[in-house]
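# Survey of secondary and tertiary structure
Letter by letter, the chains look like this.
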Amino acid sequence: MEHVVHDRGGWPDDTPIDRAEHELAEWELLMDALVGTLGARGVMNVDELRRGIEEMPPVSYEAASYYERWLFSVEHVLTEKGVLAPGEIDARVSA
Amino acid sequence: MSHDHDHDPITHTHEPEAATRVRALAAILVEKGVLGEDEIRARIDWLVSRTPADGARLVARAWVDDAFKERLLEDARAAALEVGLDPGPSPVVVALENTPATHHMVVCTLCSCYPRSLLGPPPDWYKSLAYRSRAVSAPRAVLTEFGLTLAGDVEIRVVDSTADVRYLVIPQRPPGTDGLAEDALAALVTRDSMIGVAQPLAPA
Amino acid sequence: MTFGIGDRVRVSGRRHAGHHRTPGYLKDRRGTVVRVHATFPNPETRAYGASGLPEQRLYLVDFAASEVWDTDGIDGRVLADIFEHWLEDSA
């Protein structure tokens with residue numbers, strides 16, 4: 001069986017399932033909404049979102065939270081498409 | 001660090017770095033005219049309006065109306081529209097009926113596909129690596145973790161939503177509910193029973 | 001080829017370097033078509049900015065858990081949506 005990091009069915013994993021739930025933080029809702037709106041606008045589709053997530057380095061994939069993966073993917077794909085300039089978010093965050 | 005920085009509200013929250021990046025991303029996309037603030041806000045409003053109560057209405061209707069149940073099983077999206085629900089952008093939702101002999105359980109091993117328009121956002125555990133790996137390979141053990149033990153002769157059917165279709169479980173109607181009105185029945189239908197990791201609540 | 005309910009099929013065991021929605025644990029496994037879905041844009045190309053056309057038909061395929069896993073005494077079924085171009089006749 002290929003072990004691509006996102007392809008988890010049957011992956012050996014004895015970790016007990018953590019059933020604690022958390023209400024989505026504002027930034028997580030915003031991230032979700034950005035993806036939905038980018039999709040509705042035809043800028044980036046859900047297949048590109050998934051593909052972008054799958055292109056994360058495996059260690060990063062496993063360490064990231066759910067919406068952190070979405071963020072990685074959107075930055076990655078939008079930069080690839082030229083919607084974002086390379087380093088544009090970094091520059092804005094450190095401004 | 002200067003005294004002023006201690007009063008900066010952003011640095012005093014426990015947000016991850018990602019939070020700042022997401023806000024920066026949103027700001028940049030709006031500035032560039034890629035997205036509008038109003039449509040982002042409308043999308044947030046839609047997301048927070050989705051709750052399992054919608055899915056529960058479909059289940060309760062199916063419990064009291066056999067013809068509706070057949071329509072629900074045939075085309076859940078059309079059935080949702082029929083009762084005035086907004087089935088959302090997902091093109092196809094399929095309802096799966098639990099019986100005394102079969103119990104369905106839904107997972108997305110590849111990511112986190114989930115019928116959000118009918119159930120709201122998925123719980124963290126549904127998106128967890130542990131659930132995604134073991135739901136398909138050890139479903140009985142996973143159900144035990146959730147406190148559900150099924151008889152050995154009940155067939156467990158794990159459904160991996162690998163593509164564009166979203167799945168909703170119609171749990172079995174609990175015993176002792178014959179006299180209940182639809183609203184009261186809907187109140188027994190939990191989110192977890194529509195994912196397939198729990199049974200509905202027993203009547204009071 | 002197209003399939004109908006009740007058809008025995010095998011999921012291709014081929015490797016696919018890019019995005020695809022056929023999980024590794026089902027590759028090379030045999031099952032039965034239990035539902036014929038609509039066609040959908042092909043995610044394998046749509047994920048890279050292409051249109052995803054022509055659309056591909058999706059099927060809900062039912063596998064015996066014992067066919068999928070080596071676990072002793074495992075019971076039950078595993079079902080998954082598989083695209084037509086990943087299925088072969090296994091009658």
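Residues numbered from 1 in each chain as written. Chains lettered and ligands numbered in written order. Predicted model: local features only at pLDDT ≥ 70, side-chain atom pairs only at ≥ 80, totals over all residues.

## Here we look at the overall build of chain C
The helix and strand inventory of chain C stands at two helices and five strands. Each helix and strand of chain C, ordered N terminal to C terminal, gives the series β-β-α-β-α-β-β. Taking 2.2 N^0.38 as the reference for a compact globule, 91 residues should give roughly 12 Å; the C-alpha atoms of chain C span a radius of gyration of 14 Å, in line with that estimate. Here the analysis covers contacts within chain C between residues at least 6 apart in sequence; of these, 56% occur between residues at least 24 apart. (Helix = DSSP H or I, 4+ residues; strand = E, 2+ residues; numbered from the N terminus. Rg over C-alpha atoms; globule rule 2.2 N^0.38 Å. Contact = placed C-beta atoms within 7 Å.)

## Regarding the overall build of chain B
The number of helices and strands found in chain B is 11 helices and four strands. Structurally, chain B occupies a C-alpha span of about 65 × 35 × 35 Å along its principal axes. Buried positions account for 42% of the 204 residues belonging to chain B. (Buried ≥ 20, exposed ≤ 12 C-beta atoms within 10 Å, placed from the backbone.)

## Some details on the pairing of strand 3 (residues 56-64) of chain C
Residue and element names in this part refer to chain C. Sheet topology note: the strand 2 (residues 30-40)/strand 3 ladder contains six bridges and is antiparallel. Paired with Val33 across the two strands is Val61, which belongs to strand 3. Summarising the sheet, strand 3 and strand 4 (residues 77-83) pair through seven bridges and their orientation is antiparallel. Bridge pairing in strand 4 links Leu60 to Asp81. (Pairing = 2+ DSSP bridges.)

## A word on the interface of chain B and chain A
You'll often see interface size given as the accessible area lost when the parts meet. Contacts between the two partners involve 41 residues from chain B and, on the opposite side, 43 residues from chain A. For the side of chain B that touches chain A, the secondary-structure elements that each account for two or more residues are helix 1 (17-31), helix 2 (37-49), helix 7 (124-127), helix 8 (129-137) and helix 9 (139-145) of chain B. With 11 residues, helix 1 of chain B is the single largest residue contributor to the side of chain B that touches chain A. Class assignment of the residues belonging to the side of chain B that touches chain A gives a composition of 24 nonpolar, six polar and 11 charged. (Nonpolar A, V, L, I, M, F, W, Y, C, P; charged D, E, K, R; others polar.)

## Topic: the sheet that holds strand 3 (residues 155-160) of chain B
Read from one edge to the other, the open sheet built from seven strands follows the order 2(B)-3(B)-4(C)-3(C)-2(C)-1(C)-5(C), with strand pairing classed as mixed. Sheet topology places strand 2 (102-107) of chain B together with strand 5 (87-89) of chain C at the edges, where each strand pairs with a single neighbour. Ignoring strand direction, the axes of neighbouring strands in this sheet form an average angle of 35°. Both strand 1 (residues 8-11) of chain C and strand 2 of chain C contribute to a ladder of three bridges, which runs antiparallel. (Axes fitted to C-alpha atoms, helices over the stretch in contact; angles between N-to-C directions.)

## Looking at the interface of chain A and chain C
Contact residues are listed per partner, giving 12 residues for chain A and 11 residues for chain C. Considering only residue class, the side of chain A that touches chain C consists of two nonpolar, three polar and seven charged.

## Focus on the domain arrangement of chain B
Assigned domains within chain B: domain 1 (3-48) and domain 2 (51-195). Of note, the centres of domain 1 of chain B and domain 2 of chain B, computed from C-alpha atoms alone, are 33 Å apart. (Domains from an automatic or database assignment.)

## Examining the packing of helix 2 (residues 46-54) of chain A against helix 4 (residues 66-80) of chain A
Residues and elements named next belong to chain A. Contact geometry of helix 2 with helix 4 gives a least axis separation of 8 Å together with a crossing angle of 105°. Comparing their axes, helix 4 and helix 2 come out roughly perpendicular. For the pair helix 2 and helix 4, the contacting residues are Glu48, Leu49, Gly52 and Ile53 in the first and Arg69, Trp70, Phe72, Ser73, Val74, His76 and Val77 in the second. Of the residues assigned to the contact of helix 2 with helix 4, the class counts are six nonpolar, three polar and two charged. (Parallel < 35°, antiparallel > 145°, perpendicular 65-115°, else oblique.)

## Focus: unusual backbone geometry
All names here are of chain C. Residue Leu53 is joined to Pro54 through a cis peptide bond whose omega torsion reads -5°. Residue position: Pro54 is located in the loop between helix 1 (43-46) and strand 3. A positive phi angle, near 75°, is found at Asp28, a position not held by glycine. Inspection of the secondary structure assignment puts Asp28 in the loop between strand 1 and strand 2. Classification of Asp28 as exposed rests on a count of 12 C-beta atoms within 10 Å.

## Re the packing of helix 3 (residues 52-64) of chain B against helix 4 (residues 66-74) of chain B
Each pair of packed helices can be described by the angle between their axes along with the distance between the axes. All names here are of chain B. Taken N-terminus to C-terminus, the directions of helix 3 and helix 4 make an angle of 130°; their axes are 6 Å apart at the nearest point. Accordingly, the angle class assigned to the pair helix 3 and helix 4 is oblique. Crossing of helix 3 against helix 4: the hand is left-handed. When helix 3 is examined against helix 4, the residues Leu58, Arg61 and Ala62 are found in contact with a partner set consisting of Phe68, Lys69 and Leu72. The residue makeup of the contact of helix 3 with helix 4, split by class, is four nonpolar, no polar and two charged. (Left-handed = near helix turned anticlockwise from the far one by under 90°.)

## Notes on the environment of Pro86 of chain A
If you trace the backbone, Pro86 of chain A turns up in the loop between helix 4 and helix 5 (88-94). Sequence spacing of Pro86 of chain A and His76 of chain A is 10 residues, and the spatial spacing of their C-alpha atoms is 9.2 Å.

## Topic: the environment of Glu55 of chain C
All names here are of chain C. With respect to the secondary-structure elements, Glu55 resides in the loop between helix 1 and strand 3. Counting along the chain gives 32 residues from Glu55 to Pro23, while the straight-line C-alpha distance between them is 20 Å. Excluding residues that lie within four positions of it along the chain, Glu55 makes contacts with Thr39, Phe40, Pro41 and Asn42.

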